[in-house]
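Residue-level listing of the chains:
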Amino acid sequence: MTVKVAVIYYSATGTVRSLAQAVAEGAASAGADVRLRRVAELAPDSAVDQRPIAEAEVEDLAWADAFAFGTPTRFGAPAAQLKRFIDQAVGLWHGGGLADKPVTAFTSAFNRHGGSEATILSLGNVFYHWGSLIVPPGFTDPVVYAAGGNPYGTSYVSGPTGDGPDTAALEAARYQGRRLAQITMRLLGSTGEALAATTSQTA
């Protein structure tokens with residue numbers, strides 16, 4: 001069956017954008033219908049990476065059976081741009097439209113101990129409120145170890161050179177997207193009615 005995965009991200013320099021594209025590729029390789037969306041920018045255009053990717057809307061969350069959120073770490077928390085988008089989903093959340101949907105998160109930081117795990121865990125607080133089903137990569141595949149061993153979600157250390165994600169990080173991101181899509185397919189079953197029925201009961 002085809003499941004719908006929304007990959008929503010914010011990227012200032014292009015690193016998280018590259019991870020997001022890899023997550024989307026992974027989900028698509030598992031047979032998912034994928035929407036790759038960036039959240040609205042708050043900083044001047046000259047200060048950020050600009051690529052022709054559609055801007056995220058709350059409707060993308062309503063459309064999706066599962067979500068993947070990506071952000072650079074900002075003091076161990078998600079960037080303001082992503083948090084602003086999440087805050088706009090309050091109506092959908094209140095109506096039960098986010099409950100029971102699988103979700104995963106990924107990030108990038110300048111330093112190895114710059115708050116990657118804390119950023120993903122802080123997004124977990126949002127997902128708990130939504131009633132989402134958190135799908136971490138865990139230590140379920142060798143690619144997780146090869147990319148630095150973050151069981152919470154793919155993370156990449158950009159460092160002073162600002163280089164984009166390496167091959168290991170991109171493979172881990174693809175795996176994370178594929179895992180999200182596969183688990184969503186298992187949860188929905190062959191008809192896709194299980195999640196819809198549960199969500200309608202909470203609305």
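Report follows, based on the coordinates. (Residues numbered from 1 in each chain as written. Predicted model: local features only at pLDDT ≥ 70, side-chain atom pairs only at ≥ 80, totals over all residues. Heavy atoms only, no water.)

## Concerning the overall build of the protein chain
Now for step 1: A tally of helices and strands in the protein chain yields eight helices and seven strands.
Now for step 2: Out of the 203 residues belonging to the protein chain, those deemed buried represent 50%.
Now for step 3: Within the protein chain, contacts between residues at least 6 apart in sequence are counted, and of these 77% link residues at least 24 apart.
Now for step 4: Surface summary for the protein chain: the accessible area is close to 9,200 Å², and the carbon and sulfur share equals 53%. (Helix = DSSP H or I, 4+ residues; strand = E, 2+ residues; numbered from the N terminus. Buried < 20%, exposed > 50% of the residue type's maximum accessible area, 1.4 Å probe, protein only. Contact = heavy atoms within 4.5 Å. Areas by Shrake-Rupley, 256 points an atom, 1.4 Å probe, with all protein chains shown as cover.)

## Examining the environment of Ala 40
Now for step 1: Its location among the elements puts Ala 40 in the loop between strand S2 (33–38) and helix H2 (58–63).
Now for step 2: As for Ala 40 and Leu 82, which are separated by 42 residues in sequence, their C-alpha atoms are 8.1 Å apart.
Now for step 3: Ala 40 has contacts with Glu 55, Gln 81 and Arg 84, leaving out every residue within four places of it along the chain.

## Remarks on the pattern of salt bridges
Now for step 1: Enumeration over the complete set of coordinates arrives at seven salt bridges.
Now for step 2: For Glu 25, the salt bridge identified is with Arg 174, shortest N-O distance 2.7 Å. Taken together, the residues Glu 25 in helix H1 (residues 15–29) and Arg 174 in helix H7 (residues 167–188) connect sequence positions 149 residues apart.
Now for step 3: Judged by its relative accessible area of 41%, Glu 25 falls in the partly exposed class. (Salt bridge = Lys/Arg side-chain N within 4 Å of Asp/Glu carboxyl O.)

## Focus: helix H5 (residues 116–130)
Now for step 1: With 15 residues, H5 should reach 21 Å at 1.5 Å per residue; the first-to-last C-alpha distance of 22 Å fits that figure.
Now for step 2: For H5, the full list of buried residues reads Ser 116, Thr 119, Ile 120, Leu 123, Gly 124, Val 126, Phe 127 and Trp 130. On an axial view of H5, the arc spanned by its buried residues comes to 160 degrees, and they lie on one face. Exposed side chains of H5 directed beyond 90 degrees from the buried face belong to Tyr 128 and His 129.
Now for step 3: Just past H5, the residue Gly 131 takes up positive phi, approximately 80 degrees. (Expected span 1.5 Å × (residues − 1). Arc of directions from axis to C-beta.)

## A look at the packing of aromatic side chains
Now for step 1: Counted by the stated rule, this structure contains six aromatic pairs.
Now for step 2: The interplanar angle of 25 degrees and the centroid separation of 5.1 Å between the aromatic rings of Phe 139 and Tyr 145 together place this pair among those described as stacked.
Now for step 3: By the ring-pair criterion, three or more aromatic residues cluster together here, those being Phe 67, Phe 69, Phe 127 and Trp 130.
Now for step 4: If you follow Arg 35 out to its NZ or CZ, it ends over the ring of Trp 63, 4.1 Å from the centre. (Phe/Tyr/Trp six-rings, centres within 6.5 Å; stacked < 30°, edge-to-face > 60°. Lys NZ or Arg CZ within 6 Å of the ring centre and 35° of its normal.)

## Re the nonpolar core
Now for step 1: Counting 27 residues, the largest nonpolar core has Val 5, Val 7, Leu 19, Leu 36, Phe 106 and Ala 181 as the members making the most contacts within it.
Now for step 2: For this core, the secondary structure elements donating two or more residues are strand S1 (4–9), H1, strand S3 (66–74) and H7.
Now for step 3: Residues in contact with Leu 36, not counting those within four places in the same chain, are Val 7, Tyr 9, Ala 20, Gln 21, Ala 24, Ile 53 and Ala 54.
Now for step 4: Among the nonpolar cores identified, the runner-up in size contains 25 residues, and Leu 61, Ala 64, Ile 86 and Trp 130 belong to it. (Core = buried A, V, L, I, M, F, W, Y, C linked by side-chain atoms within 4.5 Å.)

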